[in-house]
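Fold and contact review
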Amino acid sequence: MYSENRAKDVVLFAKAVLSNQLARFAPALYMKLTHETGRGEQEQTAAQIAEYFIACFHDYRRQLDLSDEQFAAFLQGKRVLEYGPGDILGVALLLYAHGAGSVHCFDRFPLHTASEKNLRVYEQLLASLGPRERERANAAFVESGKPASGFNPEAIGYFVSRDGLSGASRRYDLVISRAVLEHVDNLAGTARDVAQALKPDGLSIHEVDLRSHGLDRYQAFDFLTWPQPVYRLMFSQKGFPNRWRLNRYRELFEHAGMRIRKLEPTTRLPAEKVALIEPHLAAPLRGVSAEELSWMGFWMVLEPDGDRAGLAQQRRAA
């Protein structure tokens, strides 16, 4: 394990274990105390948060290499599953506004709230839309155009489930997530859930953030050097990074019956920083290539692979 101050690390370990137990036995209280939103940014205005969701919406469009008009046509009537939407269902509202038939949002923790600020974000999103899209977005609420009335579940549904999984079977045309999969404790189960939830002609788009989310102590990626049992004692219940690298994502999704249609890094860690951390990696991460270890995040577009899906189904039935 990489360390520059053992005493500091012991104190950090003790505090992290205590908060991990709080998250395990009282998750709602833990979320309240930590003010977790699912976005992980500093305090922002309603307008800034709305702009974030608009950017997310267009990022998904760009990953499919579609124009605005083509993306709207693609979304028409589609059933969408979003993992880990956070406290505001902003992407879901925009997808519905632009033609999605319904959007179901699944989370591991009950983050979604109708706070005054969050309601202002919905108002900002409505105001950003053209007349046709706004009319449709208005219909996403129980009382048309009134976010305070809550979402019409036939349009946008929010669900809290074990591991944040849908349990669906061939139900969705599009499955998405942004900065979520790196927090998933049961990544193999999530990969299977994606594969099972998608229709045979469906698509899945994920942005994965492989950075430490504030857990590095001295050097970039030194959070990857905590021994695995120690790391789990500290963070397993809190939705902190699972630490898996690109190779694991590729392996699990292909094993679940998915084909990688597109894969590209967001940013890379410089080679000299990778070399500093590589000798100290936790056991499950040893053997990852320096190239894959350098990826600080990536976009991935997936589609069902008929042959792999058949094999995955046979393995589950065995």
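Since the structure is predicted, the reported quantities are computational estimates derived from the model, not experimental observations.

1. Describing the overall build of the protein
Regarding its fold elements, the protein presents 13 helices and nine strands. Reported as C-alpha extents along the three principal axes, the dimensions of the protein are approximately 60 × 45 × 40 Å. Scored against the burial criterion, the 318 residues of the protein give a buried share of 49%. Expressed as a percentage of contacts within the protein between residues at least 6 apart in sequence, the contacts between residues at least 24 apart total 77%. Carbon and sulfur atoms make up 51% of the accessible area of the protein, which totals about 15000 Å².

2. Comments concerning the state of the cysteines
As used here, a disulfide is simply a covalent bond connecting the sulfur atoms of two cysteines. Applying the stated criterion to the full structure yields zero disulfides. Of all cysteine sulfurs in the structure, the one in Cys105 sits closest to Cys56, which takes part in no disulfide; the separation is 13 Å. With a relative accessible area of 2%, Cys56 lands in the buried category. On the basis of relative accessible area, Cys105 is assigned to the buried category, the value being 0%.

3. Some points on the pairing of strand E6 (residues 172-178)
Along E6, six of the seven residues are buried, which leaves the element largely enclosed by surrounding structure. Across three bridges, strand E1 (residues 79-83) lies against E6 in parallel orientation. Its bridge partner lying in E6, Glu82 is registered against Ile176. Here E6 pairs with strand E7 (residues 198-209) via six bridges, running parallel.

4. Overview of the pattern of salt bridges
Taken as a whole and judged by the stated rule, the model has 18 salt bridges. Notably, a salt bridge pairs Arg62 with Asp59, separated by 2.7 Å at the nearest N-O pair. Of this pair, Arg62 and Asp59 both sit in helix H3 (residues 46-63), separated by three residues, roughly a single helical turn. In this structure Asp59 comes out as buried when scored by relative accessible area, which is 16%. Of the charged contacts in the structure, one is a salt bridge between Arg120 and Glu116, with a shortest N-O distance of 3.4 Å. Note that Arg120 and Glu116 are positioned in helix H6 (residues 116-128) at a spacing of four residues, about one turn of the helix.

5. Quick word on unusual backbone geometry
The backbone of Asp65 shows a phi angle near 55 degrees, a positive value even though the residue is not glycine. The topology assignment puts Asp65 in the loop between H3 and helix H4 (68-75). With relative accessibility at 62%, the residue Asp65 sits in the exposed group. Even without being a glycine, Ala179 presents a positive backbone phi close to 50 degrees. Tracing the backbone through its elements, the reader meets Ala179 in the loop between E6 and helix H8 (187-197).

6. Here's the deal with the packing of helix H1 (residues 6-25) against helix H2 (residues 27-34)
Relative to each other, H1 and H2 sit at 125 degrees, their axes nearing to 5 Å. Put simply, H1 runs oblique to H2. Listed contacts from H2 to Ser19, Leu22, Ala23, Arg24 and Phe25 of H1 are Pro27, Leu29, Tyr30 and Leu33. Its residues placed into classes, the contact of H1 with H2 shows seven nonpolar, one polar and one charged.

What counts, and where the lines are drawn
Residues numbered from 1 in each chain as written. Predicted model: local features only at pLDDT ≥ 70, side-chain atom pairs only at ≥ 80, totals over all residues. Heavy atoms only, no water. Helix = DSSP H or I, 4+ residues; strand = E, 2+ residues; numbered from the N terminus. Buried < 20%, exposed > 50% of the residue type's maximum accessible area, 1.4 Å probe, protein only. Contact = heavy atoms within 4.5 Å. Areas by Shrake-Rupley, 256 points an atom, 1.4 Å probe, with all protein chains shown as cover. Disulfide = S-S within 2.5 Å. Pairing = 2+ DSSP bridges. Salt bridge = Lys/Arg side-chain N within 4 Å of Asp/Glu carboxyl O. Axes fitted to C-alpha atoms, helices over the stretch in contact; angles between N-to-C directions. Parallel < 35°, antiparallel > 145°, perpendicular 65-115°, else oblique. Nonpolar A, V, L, I, M, F, W, Y, C, P; charged D, E, K, R; others polar.

By themselves, these are just geometric observations and shouldn't be taken as functional.
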